[in-house]
Amino acid sequence: MHGLPRTALRLAARRGDPQARLFVAAGASPTRAMGGLFDEIRDLGPLPGGVFSRVTADYAVVREVLTSNDFRTGVGPGGGLWGRLARWSAADFLHPVAPPSLLVTEPPDHTRYRKLVTRVFTVRAVENLRERTEQIANELLDSLDPTGPVDLAATYCSLLPVTVIAEILGVPAEQRTRVLRLGSAAAPSLDMGLPWRQFRAVESALRAFDSWLSEHLDQLRTKPGDNLLSQLVAAREDGVGLTDLELRATAGLVLAAGFETTVNLLGNGTALLHDNPEELAALRADPTLWPNAVEEILRADPPVMLTGRTCVRATEVAGVAVPAGTLVTTILAGANRDPAVFTEPARFDVRRGNARDHISFSTGRHYCLGAALARMEGEVGLRTLFERFPDLRLTPGATYRDTRILRGYEHLPAILT
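Everything numeric in this text was worked out from a predicted model, so none of it was measured.

The rules we used
- Throughout this document, residue positions are counted from 1 along each chain, in the order its sequence is written.
- A pLDDT threshold of at least 70 governs which residues receive local features in this predicted model, and a stricter bar of 80 or more applies before side-chain atom pairs are shown or counted, although totals over entire chains, interfaces and linings include all residues.
- Only hydrogens and water are set aside when side-chain values are computed; all heavy atoms of the structure are taken into account.
- Numbering of helices and strands runs from the N terminus; a helix is a DSSP stretch of H or I covering at least four residues, while a strand is a stretch of E covering at least two.
- Relative accessible area decides the class of each residue, using a 1.4 Å probe on protein chains only: under 20% of the type maximum gives buried, over 50% gives exposed, and in between gives partly exposed.
- Cavity and pocket criteria rest on a 1 Å grid covering protein atoms alone: a 1.4 Å probe that fits but cannot get out defines a cavity, protein on both sides within 12 Å along at least 5 of 7 lines defines an open pocket, and an atom within 4 Å of a point defines a lining residue.
- Grid points are joined across faces, edges and corners, and a volume is the space filled by probe spheres set on the points.
- Gly falls in the polar group here, along with every residue not listed as nonpolar (Ala, Val, Leu, Ile, Met, Phe, Trp, Tyr, Cys, Pro) or charged (Asp, Glu, Lys, Arg).
- Within this scheme, the nonpolar core is defined by two criteria: the residues are buried Ala, Val, Leu, Ile, Met, Phe, Trp, Tyr or Cys, and they are joined through side-chain atoms within 4.5 Å.
- We call two residues contacting when some pair of their heavy atoms lies within 4.5 Å.
- A pair of strands is considered paired only if DSSP assigns at least 2 bridges between the two.

1. Section: the environment of Pro-390
Consideration 1: Position of Pro-390 among the secondary structure elements: in the loop between helix 18 (371-388) and strand 8 (393-394).
Consideration 2: Judged by its relative accessible area of 43%, Pro-390 is partly exposed.
Consideration 3: Residues Pro-390 and Val-380, spaced 10 residues apart in sequence, show a C-alpha to C-alpha distance of 15 Å.

Listed below in structure tokens is the structure:
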């Protein structure tokens, strides 16, 4: 599932294959440095063919594919060589891109799982967490040495969202470091073409995370608390609750997604604001721009670069015939830079009038459950950081994560004052 696609993609990239070039570029460049490639892919047409899938960076096409009932998540009965490899090599433990994960289930199961989770992630519920999130952000910044070098990725961008989601999910404080470590180690599980050593490390992390999650849920069954996982254990829809497997898959995804993507939002946002001091000055002059600034960060450098769909019945998209079983890679970051929607898309502009039209949280029935939470954490986390340390300087040595779907900084060294 990894070695064969990796070899095929590298060979195809030399021939100019668009999907293969995307794979190679993502392994070497930050997302915001890939705008030229997104433009080239868009110029090839609405759905150019790639070595394993069709690919698109066209905003309208991405939206149509993600909202159409002719497409589903995951690899369906078709899917060509990639589909056959995926089914042959399927793991025997919980995996974020294997059923019953919310990422790859469809109605009616997806509807049932989502109903049970959305009750807790309402806009009102998230706003009730704002004060606590501000408190956590300040506590984390209080613990940093303002006179010495710090790695913001490790000491702030990762710890803020994992602390918030851990409190929501009832994870004891002494276990949060372990959960963060396992989540980070498992992050490449969404990618294809992993090297052997990384593949083995990811599988080990997923197994360990599944084991920890089973133990944690057992404890919550015995001693439920006022948290989301306790509610999920007890939740019923028309008298029917989640099975043990469904509960572990749903809880695991909510937990990992609840901090992995927001870590990237905070790191990417810190770098964008640091590198665009005139935009940071605009925020200081008018703090009411902060919510829009977070939308512009999500547009310009999204935490998730792409997602995929399988065509379940022959259809047509933007005048292109799409046979059943065809895989389509939708480049969210490319759609966010479509000049047909965003004027001067390469420019970072916290005043951009339609910044919220970005597609970084996907769209349709798989729109991100935690979008409101991520927006709130991004606003609180970034605003608190730059208000507390207005002279913050990033220093040489920043490194980017080697994941191709989840996109952000591994290390972000800085001097705070």
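Once you've had a look at it, read on.
2. Remarks on the layout of surface pockets
Empty space among the atoms can be located by rolling a probe the size of a water molecule over them.
Consideration 1: Considered as a void within the structure, the second largest pocket measures approximately 340 Å³ in volume.
Consideration 2: Contributions of two or more residues to the lining of the second largest pocket are made by helix 9 (152-157), helix 11 (176-186), helix 14 (244-275) and strand 10 (409-411).
Consideration 3: Taken together, the residues of the lining of the second largest pocket sort by class into 9 nonpolar, 5 polar and 5 charged.

3. Observations regarding the nonpolar core
Consideration 1: Ranked by size, the top nonpolar core spans 78 residues in total, and within it Leu-152, Tyr-156 and Leu-169 carry the most contacts.
Consideration 2: Among the elements that line this core, the one with the most residues is helix 14, at 12 residues.
Consideration 3: Among residues more than four places away in sequence, those in contact with Leu-169 are His-216, Leu-220, Asn-227, Leu-228, Leu-229, Val-254 and Leu-255.
Consideration 4: With 24 residues, the next largest nonpolar core counts Leu-22, Leu-66, Leu-332 and Ile-405 among its residues.

4. Focus on the pairing of strand 4 (residues 306-311)
Consideration 1: Relative to strand 4, strand 2 (residues 71-72) runs antiparallel, the two sharing 2 bridges. Paired with Phe-71 across the two strands is Cys-311, which belongs to strand 4.
Consideration 2: The pairing of strand 4 with strand 7 (residues 327-331) spans 5 bridges and is antiparallel. Residue Leu-306 lies in a different strand from strand 7, and its bridge partner there is Ile-331.

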